[in-house]
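# A closer look at the structure
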There are 2 protein chains.
Amino acid sequence: MSNFRINKKSKKSKARVGGLYTKHGVVKTPFFLPIATRGSVKTVTPEELQDLGAEIILTNTYHLYLRPSLSVIKKARGLHQFMHWSGPILTDSGGYQVFSLAKSRKINEKGVEFHDNLSGQKHLLTPEKAIEIQKTLGSDIMMVLDECTPYPCPKSYAKKSVELTTRWAKRCRTKYQELRTKNNVSRDSKFKVQSSWLLFGIVQGSVYKDLRLKSASDLIILDFDGYAVGGLAVGEPVAKMYEVLDWVLSSLPVDKPRYLMGVGKPEQIVEAVKKGIDMFDCVIPTRNARHALLYKFKIQSPKFKMEVQNSKFYEEIHIKQAKYASDMRPLDPHCDCYTCQNYSRAYLRHLFMGGEPLALRLATIHNLRFFLQLMYRLRIFIKNGKL
Amino acid sequence: MSNFRINKKSKKSKARVGGLYTKHGVVKTPFFLPIATRGSVKTVTPEELQDLGAEIILTNTYHLYLRPSLSVIKKARGLHQFMHWSGPILTDSGGYQVFSLAKSRKINEKGVEFHDNLSGQKHLLTPEKAIEIQKTLGSDIMMVLDECTPYPCPKSYAKKSVELTTRWAKRCRTKYQELRTKNNVSRDSKFKVQSSWLLFGIVQGSVYKDLRLKSASDLIILDFDGYAVGGLAVGEPVAKMYEVLDWVLSSLPVDKPRYLMGVGKPEQIVEAVKKGIDMFDCVIPTRNARHALLYKFKIQSPKFKMEVQNSKFYEEIHIKQAKYASDMRPLDPHCDCYTCQNYSRAYLRHLFMGGEPLALRLATIHNLRFFLQLMYRLRIFIKNGKL
């Protein structure tokens, strides 16, 4: 039995709505993961996240492993307890941050050796260790250790890298199965859906079709609970990203959840949902909020669905611009978030200009609501056969 | 009729409990004013402030006058509407910030001329203008324009300064009366208590008894709605502060509210309440929170009252210290605030160490609760004849 259930497939596109079953609850797909890098979505509380409609969050293994450390999180009886979040948590493998943040990293068959960016201490992250760490955190959805190739990437390197990623994926799968057996978690549960901790494979292969297809087919054999598409949104042209996505998605099993890592802009999310992606994570709503860049739907439903088709369905508001100085309207008069219900653009601008910390919080609340509202609308449109 | 009602006077000290009636509601005295410098108590929302037990806040006229400017606040129909706070607001006159922040300020009989620290533009702040600005903000409790002398301050300067402050106070009083008449606000209302906007005088005179007494008696003639003690907590020894307070309080009318500006530490608040002070404002709880310094009651009521007598009733927690790294207890197991109810010391430390903005918010919530809880306990003790 699968942990994923599709409730309806679109007839107009490859989009689908469904539910992903985790041990901390069901998450309606397609969904967006707010990012809680160090076990906190910057400026907001778990209660606020829930109010905003977030059903699942992502935390970064690398950061949490270094600080507060696994021993502290163990003592707290897991990350959920530590950070006061009762919903599901997806953890990355830590690999991405090792490659982007750590110093003097060396990749070999065994894993990746690095000096961390906090203490300079030496570490070895192996596929097995990546799984163990995520298990200790109490992750609901774990990711395999992979190498995310940069863009551009020579084909020779991409080939070597993706082959290593596949071998690592296999070792992750083995370690995961070992832990499941040890913890007496059967995959053939008596329930129609399983709700245990899950492990996702990650398709790599840069922008090379044969590598991408090989990566996908190799991973499928390992029978993961879901498949992520990695190595995208790393600087390649958007058209190329969509092309790669088409290759990969056509070869992934339809009945497993698909996760597009690190994406993205609202129109990219819409496009990827239409291609059959079920999960997204991105720092855009939260990071841009802290840089005073806010999102607003241009047109409200039901006209919204028309607009979604041509990517003109939203606008960006740079709230620090002088034109908002005495604009007493809410950011978005149609938005139901706390910020739009209670504050004017003029007040938001004033807080940003004065460096007031409440600015970041009110902006984060609004932007997260925009992204979560977008996912909600997409689910409704798919259900109603309109996407 | 007065805007102030004393419900009970202590027999053991000069402490009293009562209520201050403003046009945005009654505030139980003695009370503490959280500081919303630019129209926002840093990191927290008005709803959170109310949950924490805050009934009134203080905003800084100088900051708001410069940014967003009076025209913006006028367009928002006042500061309450602009910042989404429905309770009373006390505004300072702007004088203190002119003296501490502005460049090349010149004091003369007319007022104070300065170049602001944002645009460098030249301004003239007169007593009349200070009142007009506060009226435009929609202040519930206005303060007269005064000169807050530094410590130490030569007597010759203190004398000249306090005499000017008195002449300015008179002009503020006249302007205030003019605005009241224009706005048809009668002081002899048919209600038992008045609930209009109020004006407080500020007693100055540095550490010189004759100057302090003269300042007080000159202001009393002007019949203000309340009296503040200014020019304290500016670097003088605490014993000297208490001495000055004794001089001033013995000469102020008993039936008017007394406000000790810029104070202070928890034990100073307790001491000043016992001397008959009804109002306090200080950045300590909010600013220290942002610097990871947290407050905790040592002993819970009812033993608390014993401890209050000898100033050992609380401790300071420097939450970034290594000893809290795996401390899974709440900051204060007896505290009812959101932070203590849901997070461990280890988590708070982790957020601070990682520079996570939620740290500042959770710490601010706790420290404000500590100060507001302290005021609550003091009111209860006075009512029960135990302070």
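Residues numbered from 1 in each chain as written. Chains lettered and ligands numbered in written order. Predicted model: local features only at pLDDT ≥ 70, side-chain atom pairs only at ≥ 80, totals over all residues.

## A short note on the overall build of chain A
Cut-off, in case you're wondering: Runs of E in the DSSP output that reach at least two residues are strands. Runs of H or I that reach at least four are helices, and both are numbered from the N terminus. Only C-alpha atoms enter the radius of gyration; for comparison, a globular chain is expected to reach 2.2 Å times N to the power 0.38, where N is the number of residues. A residue is called partly exposed when the number of other C-beta atoms within 10 Å of its own lies between 12 and 20, exposed at 12 or fewer, and buried at 20 or more, with C-beta atoms placed from the backbone. Two residues qualify as a contact pair if the distance between their C-beta atoms, derived from the backbone, is within 7 Å.
Looking only at helices and strands, chain A features 14 helices and 16 strands. In terms of overall size, chain A behaves like a compact globule, its C-alpha atoms giving a radius of gyration of 21 Å where 387 residues would be expected to give roughly 21 Å. By principal-axis analysis of the C-alpha atoms, chain A measures approximately 60 × 50 × 45 Å. Across the 387 residues of chain A, 53% fall into the buried class. In chain A, of all internal contacts separated by at least 6 residues, the share reaching a separation of at least 24 is 67%.

## What to know about the interface of chain A and chain B
Defined as follows: Polar here means any residue outside two lists: the nonpolar Ala, Val, Leu, Ile, Met, Phe, Trp, Tyr, Cys and Pro, and the charged Asp, Glu, Lys and Arg; Gly therefore counts as polar.
Across the boundary between the two partners, chain A contributes 29 residues, which contact 29 residues of chain B. Every element with two or more residues in the side of chain A that touches chain B is listed here: helix H2 (61–75), helix H3 (79–83), helix H13 (345–353) and helix H14 (357–383) of chain A. Looking at side-chain class alone, the side of chain A that touches chain B contains 15 nonpolar, nine polar and five charged residues.

## Here we look at the sheet that holds strand E9 (residues 122–125) of chain A
Residue and element names in this part refer to chain A. Applied cut-off: Pairs of strands are assigned from DSSP output, requiring at least two bridges between the strands. A fitted line through C-alpha atoms represents every axis, and for helices the fit uses only the stretch in contact; the resulting angles, taken between N-to-C directions, go from 0 to 180 degrees.
Reading across from one edge, E7-E8-E9 is the order of the three strands in this open sheet, with antiparallel pairing throughout. A strand with exactly one partner marks an edge of an open sheet, and here the two such strands are strand E7 (103–107) and E9. The mean angle between the axes of side-by-side strands here comes to 15 degrees, regardless of whether they run parallel or antiparallel. As paired strands, E7 and strand E8 (residues 112–115) are joined by three bridges and run antiparallel to one another. When the sheet's bridge partners are listed, Lys 103 is paired in E8 with His 115.

## Things to note about H2 of chain A
Where we set the bar: Expected helix span is computed as 1.5 Å times (number of residues minus one). Two axes define the bend at a residue: one fitted to the seven residues ending there, one fitted to the seven starting there, and the bend is the angle between them.
Taking 1.5 Å per residue as the helical rise, H2 of chain A with its 15 residues ought to reach 21 Å, whereas the 17 Å between its terminal C-alpha atoms falls clearly short. A bend of about 80 degrees at Pro 68 of chain A is the largest found in H2 of chain A. Where H2 of chain A is concerned, the buried positions are Thr 61, Tyr 62, His 63, Leu 64, Tyr 65, Leu 66, Pro 68, Val 72 and Ile 73 of chain A. For H2 of chain A, the elements touching its buried residues are strand E5 (57–59), H3, strand E6 (89–91), helix H4 (95–100) and helix H5 (127–137) of chain A together with helix H13 (345–353) of chain B. Arg 77 of chain A lies just past H2 of chain A and shows a positive phi near 65 degrees.

## A short note on the confidence of the model for chain A
Residues and elements named next belong to chain A. Short version of the rule: pLDDT gives the predictor's per-residue confidence on a scale running from 0 to 100.
When the pLDDT values of chain A are averaged, the result is 94; 94% of them are 70 or greater. Segment residues 190–195: pLDDT under 50, and 16 contacts once partners within four positions in sequence are set aside and those in other chains are kept. Both scores are given for the predicted complex: the pTM is 0.96, the ipTM 0.96.

## As for the pairing of strand E8 (residues 111–115) of chain B
Residue and element names in this part refer to chain B. Relative to E8, strand E7 (residues 103–108) is paired through four bridges, and the arrangement is antiparallel. Following the sheet pairing, Lys 106 is matched in E8 by Glu 113. Two successive antiparallel strands, E7 and E8, enclose a turn made up of two residues. In the sheet, E8 pairs with strand E9 (residues 122–125) via four bridges, with the strands oriented antiparallel.

## Observations concerning the packing of helix H6 (residues 155–182) of chain A against helix H7 (residues 209–221) of chain A
All names here are of chain A. Put simply, the test is: Orientation categories follow fixed angle ranges, with anything under 35 degrees roughly parallel, anything over 145 roughly antiparallel, 65 to 115 roughly perpendicular, and all other angles oblique.
For the pair H6 and H7, interaxial distance at closest approach is 10 Å and the crossing angle is 10 degrees. Between H6 and H7, the interaxial angle falls into the category roughly parallel. Residues Ala 158, Lys 159, Val 162, Thr 166 and Ala 169 of H6 lie in contact with H7, whose contacting residues are Leu 211, Ser 215, Asp 218 and Leu 219. Residues that form the contact of H6 with H7 fall into these classes: five nonpolar, two polar and two charged.

## Here we look at the domain arrangement of chain A
Residue and element names in this part refer to chain A. The following threshold applies: All the domain ranges listed were derived from an automatic or database domain assignment.
The assigned domain composition of chain A is domain 1 (4–282) and domain 2 (289–383). Between the C-alpha centres of domain 1 and domain 2 there is a distance of 28 Å. Across the boundary between the two partners, domain 1 contributes 22 residues, which contact 20 residues of domain 2. Looking at the side of domain 1 that touches domain 2 residue by residue, the class counts come to 13 nonpolar, three polar and six charged.

## Quick look at the relation of the copies chain A and chain B
Each of the two copies of the chain can be brought onto the other by a rotation about an axis and a shift along it. Stated formally: To superpose the copies, least squares is applied to the C-alpha atoms of every residue with a pLDDT of at least 70 in both.
Mapping chain A onto chain B calls for a screw motion: a turn of 180 degrees about the axis and a shift of 0.0 Å along it, with 0.0 Å RMSD after fitting. Expressed as a symmetry operation, the mapping of one chain copy onto the other fits a two-fold axis. Mapped onto chain B, 100% of the interface residues of chain A are again interface residues, and the two copies thus contact each other with one and the same surface.

## Regarding the sheet that holds strand E1 (residues 4–9) of chain A
Residues and elements named next belong to chain A. Spatially, E1-E2-E3 is the arrangement adopted by the three strands of the open sheet, whose pairing is antiparallel. For this open sheet the edge positions go to E1 and strand E3 (25–29), each flanked by a neighbour on one side alone. Each neighbouring strand pair of the sheet contributes to a mean axis angle of 15 degrees, computed without reference to strand direction. Where strand E2 (residues 16–22) meets E3, five bridges bridge the pair, whose relative direction is antiparallel. Paired with Tyr 21 across the two strands is Val 26, which belongs to E3.

## As for helix H6 (residues 155–182) of chain B
Residue and element names in this part refer to chain B. In this model, H6 (28 residues) spans 40 Å end to end at C-alpha, consistent with the 40 Å of a helix rising 1.5 Å per residue. Of all the positions in H6, only Ala 158, Ser 161, Val 162, Thr 165, Thr 166, Trp 168, Ala 169, Cys 172, Arg 173, Lys 175 and Tyr 176 are classed as buried. Its buried side turned inward, H6 meets helix H5 (127–137), strand E11 (198–203) and helix H7 (209–221). Backbone geometry just downstream of H6 places Asn 184 in the positive-phi region, at approximately 60 degrees.

## A word on the nonpolar core
The nonpolar side chains of a soluble globular protein tend to be buried, and buried together. The criterion, for reference: Under the definition applied here, buried Ala, Val, Leu, Ile, Met, Phe, Trp, Tyr and Cys residues are grouped into a nonpolar core through C-beta atoms within 7 Å.
Ranked by internal contacts, the top residues of the largest apolar core, which has 234 residues, are Phe 200 of chain A together with Phe 200 of chain B. Setting aside anything within four residues of it in sequence, one finds Phe 200 of chain B in contact with Ile 141, Met 143, Val 144, Phe 224, Asp 225, Gly 226, Tyr 227, Ala 228 and Tyr 259 of chain B.

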